[in-house]
Amino acid sequence: MKLSESEYSIMEIIWAKKAPVTSQDICELSDQRGWKAPTVLTFLKRLCEKGVLESEKIGKLRYYTPLISKEDYARSEATTLVNDLYDGKISNLVTSMAGQVALTQEDRQALKKLLEGDWE
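Residues numbered from 1 in each chain as written. Predicted model: local features only at pLDDT ≥ 70, side-chain atom pairs only at ≥ 80, totals over all residues. Heavy atoms only, no water.

Caption draft 1: Fine view of the packing of helix H1 (residues 5-17) against helix H2 (residues 23-31). Taken N-terminus to C-terminus, the directions of H1 and H2 make an angle of 120°; their axes are 10 Å apart at the nearest point. Judged by the inter-axis angle, H1 sits oblique to H2. Remark: the crossing between H1 and H2 carries right-handed chirality. Residue-level contacts link Ile 10, Ile 13, Ile 14 and Lys 17 of H1 to Ile 26, Leu 29 and Ser 30 of H2. Its residues placed into classes, the contact of H1 with H2 shows five nonpolar, one polar and one charged. (Axes fitted to C-alpha atoms, helices over the stretch in contact; angles between N-to-C directions. Helix = DSSP H or I, 4+ residues; strand = E, 2+ residues; numbered from the N terminus. Parallel < 35°, antiparallel > 145°, perpendicular 65-115°, else oblique. Left-handed = near helix turned anticlockwise from the far one by under 90°. Contact = heavy atoms within 4.5 Å. Nonpolar A, V, L, I, M, F, W, Y, C, P; charged D, E, K, R; others polar.)

Here is the structure:
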């Protein structure tokens, strides 16, 4: 599932709360970005349709709970990136990035650990 930039911004608010969040809370936090309540509610509806959020109405308030963690979404996006742009090969991604960005000694050590199978 691919999230738009705006949908991702809404999800960041929800992920940061680490609990079911009311639509009212999300609208208040989104207002800082200049979004009005109807716009936010549209994004929330789309996120539920995409299966990223679960919605539950309790009393007069609607609560939203993420169905995917930020880490899982990032992993999914990274996998899609590698598959789509680098023929499914992480080595192609690393080669591409290494040619564009200077690797620090810390980067080199981290990559070496990964290659040796040390994932922590």
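That shown, we press on.
Caption draft 2: How the structure looks around the packing of H1 against helix H3 (residues 37-49). It is the contact of H1 with H3, at a shortest axis distance of 10 Å, that shows an interaxial angle of 85°. Comparing their axes, H3 and H1 come out roughly perpendicular. Touching Ser 6, Glu 7, Ile 10, Met 11 and Ile 14 of H1 are Val 40, Phe 43, Leu 44, Arg 46 and Leu 47, all from H3. For the contact of H1 with H3, the per-class residue count stands at seven nonpolar, one polar and two charged.

Caption draft 3: Representation of the state of the cysteines in the model. Following the criterion strictly, the structure yields zero disulfides and no others. This cysteine, Cys 27, is not joined by any disulfide, and Cys 48 carries the nearest cysteine sulfur, 13 Å off. Judged by its relative accessible area of 26%, Cys 48 is partly exposed. (Disulfide = S-S within 2.5 Å. Buried < 20%, exposed > 50% of the residue type's maximum accessible area, 1.4 Å probe, protein only.)

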